[in-house]
Amino acid sequence: MEKRPLKVSSGSAASNTPASYHATDEKVSITADQYGGSNLRSISVSSDDEMIDITTSGTMTEHTLGDHHHGGGGACGVYFSGGESLVSVDSDEIPGIGQYEDFHTIDWQRDIARDRMRHRYIVKRKQKSICDLVRGAHDAWSGWLCVLLVGLVTGGVAGVIDIGASWMSDLKFGLCPQAFWLNKEQCCWSWSSNETSIEDSRNCSQWMSWSEIIAESNTGAGAFIVSYIFFIAWALLFASLAASLVRMFAPYACGSGIPEIKTILSGFIIRGYLGKWTLIIKSVGIMLSVSAGLSLGKEGPMVHIASCIGNILSYLFPKYGRNEAKKREILSAAAAAGVSVAFGAPIGGVLFSLEEVSYYFPLKTLWRSFFCALVAAFVLHSINPFGNEHSVLFYVEYNKPFMFFELIPFIGLGIIGGVIAVIFIKANLYWCRYRKMSRLGQYPVTEVLVVTAVTAVVAYPNPYTRMSTSQLIYLLFSQCGTVKDPLCSYQFDPTLNGSGGLKPGEGLYWAVFLLILALIFKLVTTVFTFGMKVPCGLFIPSLCLGGIVGRIVGIGVQQLAFNYPHIWIFSGECSTGECITPGLYAMVGAAAVLGGVTRMTVSLVVIMFELTGGVRYIVPLMAAAMASKWVGDALGRSGIYDAHINLNGYPFLDSKEEFTHTALAADVMQPKRSEPLSVLTQDSMAFEEVEAMLKETEHNGFPVVVSHESQYLVGFVIRRDLNLAIENAKRTMTGLRNNSLVLFTTSPQSPLAPHSPPPLRLEKILDLAPITITDQTPMETVVDMFRKLGLRQTLVTHNGRLLGIITKKDILRYIKQIDNEDPSSVLFN
C-alpha cells in the first residue's frame, strides 16, 4: 500500500490549541504534551516516512527571547516557521531573517504569529520585575502613542501645505507689498477692518495685482495682457519645479498615491514609496502643482503624505517597524488621518480607510484610526488654514429643507455623475496607457510643461477656470446672498409670484454658458493631467465637475419652479416663495461624480456632509451616491484607483470582486504536471547544488521534500532567508566546502561519514507548516484563502506528494488570461 504523508490535523494558522499531527494510514498518532511546553518529540515510521522529521515545539523559551527583548518589540530575535510549528532562530546569528525583498508580498500569517508570540512572552515576563512591567506597559500603549504622533505630525504638515498652496496660488495674480508672505485674503484681513472676505477683494486696497505693480493700472487691454503673462509664467515656473523635483529626488512622489497605498496595505512591499524623500518632495510638489493651476487637487495626495508619516514614525516603535503586518495597522490609521486633514472630515476619513484602502482592518485598528483622525483634525483646526471657524473647505448654510419631489433630479444627477465618471475613467486610462507605451513617457517634464501651458492659456479668459478649483467649488456650493457673482444676478419683481419674485437677469445666462465651457475644459484637462509625473489628486477635480453639473441643473429646476409655480409639485412652498437651492444641487452633483469616479458610497456621504456641514441633506447625498455607483458599475468594471492598479500591474486581489470561473488548483499551479519542479531535499543535497539552484532559478522560495523520489513535503524555505543563511555560514562557519551536506532536518536518514566536512544545518529557517491544498481544490476556495489569510503562496499536493505551488501572481495571471487580457501585465512578483 502506498504510504501517505503526515499532515497537520489542525488549521494552518497559528492558534492556542495543541499541535497535533496524525498519519493518515493510522499507524502513528502524535500529540504534543501541552502547548507551551519546551520538550521536542520526534517519532519515525516505516518506509519513506522514516525520513520525515516530525517535531513540535511549544512557545519560545525564555533563553531564546531573553537576550533580544530589549527595544520594546519587533521580531524579538525570533523567527516563526508559520502555523503551529515554531522554530526559534537567533537574529544575531543570521541577521535579516524574516524580512522581505522589494516588490514582494508579505506573509500575514507568519508576521501576526510572530507578534502574538512576542506579546505572550512580554505578558509572561511582566510579573518578574519592575523593568519588565514597564516594558509591558510601553508595549501596550505604543500603538496609541504611535498613532498620536502620526496625527500630530499629519495635522501640522497639512496646515503648512494648505497655507503654502493658498499663498502660491494667489502669487499668480498679485502681491501684498506690506507683507509679501500673506495671501490675498489674509492681506485684506490684516490691513483693513472692513474687508472680511475674499468676495470683497475688489475693495481691497492693500493687495496689488501684477498689472498695478508693473503697468500701474488695473484696467484696459494692457493690464489684462500683463496679468495674463504673469499668470502663465508663474504657472510654468511652479509646474517645472514640481516635475523636476519629482524626477530628480523622488520618482514615487508623482500621482495620487492611493492605488499604491491600497496595494501596500494589501501586503505588497514597495521600498521607498513611503520614505522620507517621498514625503518631502510630495509635500512641496503638491503645493507647486496646485499653485500652477493644473486640474488636480491636494486632498488625494494627503493620504500618501500621511502614510509616509505613519511609515517613518512606525520605526520609532520596533513592534511596528520590524513587523510588516503590524505596520499596516499604523498605515491604515495614517490613511484615515490623511482624509481627515484633507477635508476636515475625521469620521469620513476612518470610513474611507475602512471602505476604500485598507485590506486588514481589525476593530483595534478602527479605534486607533478614529483617534488618529481626531488628533489630526484638531491640530489642523488649531492652525486654521481655511480662515474660518468651521475647519472645513466648503461650509454651507442652507436654511431650507429639500422637498420630496427633488429626489427625482437628485437621482438624475447621480445618473449623470456616473456617466461622466465612466467617460473620464475610460479616457484617462486610454491616455495613461498611450503615455506608457509611447515615447511620450520618456519626456515627463516636457509633458507637464505643455499641459500646464495649454491649461493656463485657456483658463485665464474664463473667470470660473481662472480661479482656483477650491474657490470655484465654494462658489458653486454657496447660496445666493452670501456671495457676489453673476450666478446670483436676479432681478426682484414684486408683481411676480414664483420664487419670491426673483427674475433671472442676463448675467445669469452668461454665467451658465461660462460654466458649461468650464465643465468641458475641466473634464478634458483632468483626463490629461491625472497620471502626469507631478503630485496630483482627483477628489477636488471630481467635486468640481459634479458641482458645475449640479449648479446648472439646480438653476434649471429653479427656473422651472419660477415659470410654472402652480404645477402641483411646486404648489406648496414654491407658490409662496423661493423653494429651490441651486447650491444644494451642486453639492449633490459633486458627490455623484466623485462617487462614480472612486465608487465610494458610505464614506463618500459622510465626507460630503462633514465637508460642507450639510447634515440635513444626507438622504439626497445617499440617493445620488447609490445611483452613481450603480451606473458606474453597469458601464465600467472598476473605479479609477482599481483601474490604475490593473494598469500598473500591481498584485492586488480585490476583496470586492468574486471569482466566477470554474477551475481547480491544478489548472493554475506552477509548474504544470509535465514540467519539472525545483525543490530542495531535506538531507541529500550538497552545498554547491543548493548554490547552483539559487543561481539558475528566480523563485521566491523552494519546497523542501524528503527525496526526489518520494516528493513527500517537509516544509518551505524562502529564497531570501536561504541566501542570508548561506552568506552567514560563509562568514562564520569553518570547514564549509562545496560537498558539505545541507540539512533541513535534525535527524538525517543516514549518519555522516567520519571524514566528511561539517554539514550546514538550516532547519531553523524552514517553515514546517506551510499552507497546502490538494490539486482538486476549487479556485474559489484558493482565492478566498489568499484574500482572507493574506497568503504569500500555497503548495499543491496529491495524496500528500508535492505537485506545485500557487502564488498571488499566478492567480492574477490566470484571471487575466481567462478575461482575454495580457497576462504579462502583472509586472511584480
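Look up: the structure comes first, before these words.
Residues numbered from 1 in each chain as written. Predicted model: local features only at pLDDT ≥ 70, side-chain atom pairs only at ≥ 80, totals over all residues. Heavy atoms only, no water.

Draft legend 1. Broad picture of the pattern of salt bridges. This model, assessed by the stated rule, comprises 22 salt bridges. Its salt-bridge partner being Arg114, residue Asp111 comes within 3.3 Å of it at the nearest N-O pair. Residue Asp111 and its partner Arg114 are located together in helix 2 (residues 108–125), separated by three residues, close to a single helical turn. In this pair, the class of Asp111 matches that of Arg114, namely buried. Ionic pairing is found between Lys326 and Asp115, a salt bridge with its closest N-O pair at 3.7 Å. Of this pair, Lys326 sits in helix 11 (residues 324–343) while Asp115 sits in helix 2; the two residues are 211 residues apart in sequence, bridging distant segments of the chain. Side by side, Lys326 and Asp115 carry an identical accessibility label, which is buried. (Salt bridge = Lys/Arg side-chain N within 4 Å of Asp/Glu carboxyl O. Helix = DSSP H or I, 4+ residues; strand = E, 2+ residues; numbered from the N terminus. Buried < 20%, exposed > 50% of the residue type's maximum accessible area, 1.4 Å probe, protein only.)

Draft legend 2. Summary view of the sheet that holds strand 16 (residues 801–807). Pairing is mixed across the open sheet formed by three strands, whose spatial order is 14-15-16. Each end of this open sheet is capped by a strand with a single partner; those strands are strand 14 (772–774) and strand 16. Going from strand to strand, the sheet's axes swing by 35 degrees on average, the running direction of each strand aside. Docked against the sheet, helix 27 (residues 779–789) engages strand 14, strand 15 (793–798) and strand 16, running at close to 60 degrees with respect to strand 16. (Pairing = 2+ DSSP bridges. Axes fitted to C-alpha atoms, helices over the stretch in contact; angles between N-to-C directions. Contact = heavy atoms within 4.5 Å.)

Draft legend 3. Focus on the side chain of Ser314. Within the secondary structure, Ser314 sits in helix 9 (residues 299–314). If near-sequence neighbours (up to four positions away) are discounted, Ser314 is found in contact with Cys146, Tyr320, Gly321 and Lys327.

Draft legend 4. Region of the structure containing the state of the cysteines. Counted under the stated rule, the structure contains one disulfide. Here Cys176 connects covalently by a disulfide to Cys187, the sulfurs 2.1 Å from one another. Because the sign of the S-S torsion sets the handedness, a value of about 70 degrees for the bond joining Cys176 and Cys187 places this disulfide among the right-handed ones. On the criterion of sequence distance, the pair formed by Cys176 in the loop between strand 4 (174–175) and helix 4 (184–191) and Cys187 in helix 4 is long-range, its members being 11 residues apart. Residue Cys176 is classed as buried on the basis of its relative accessible area of 0%. Residue Cys187 is classed as buried on the basis of its relative accessible area of 0%. Free of any disulfide, Cys146 has its nearest neighbouring cysteine sulfur in Cys372, separated by 8.4 Å. (Disulfide = S-S within 2.5 Å.)

Draft legend 5. Spatial organisation of the nonpolar core. Within the largest apolar cluster, 142 residues are counted, with the highest numbers of intra-cluster contacts made by Phe343, Phe352, Tyr464, Phe477, Leu543 and Met608. Here this core gets 11 residues from one element, more than from any other, and that element is helix 20 (residues 582–598). In this view, Tyr464 contacts Leu472, Leu475, Asp485, Pro486, Leu487, Ala511, Leu514, Leu515 and Ala518; residues no more than four positions away in its chain are not counted. One finds Ile97, Leu680, Val690 and Val714 within the second-largest nonpolar core, a separate group that totals 24 residues. (Core = buried A, V, L, I, M, F, W, Y, C linked by side-chain atoms within 4.5 Å.)

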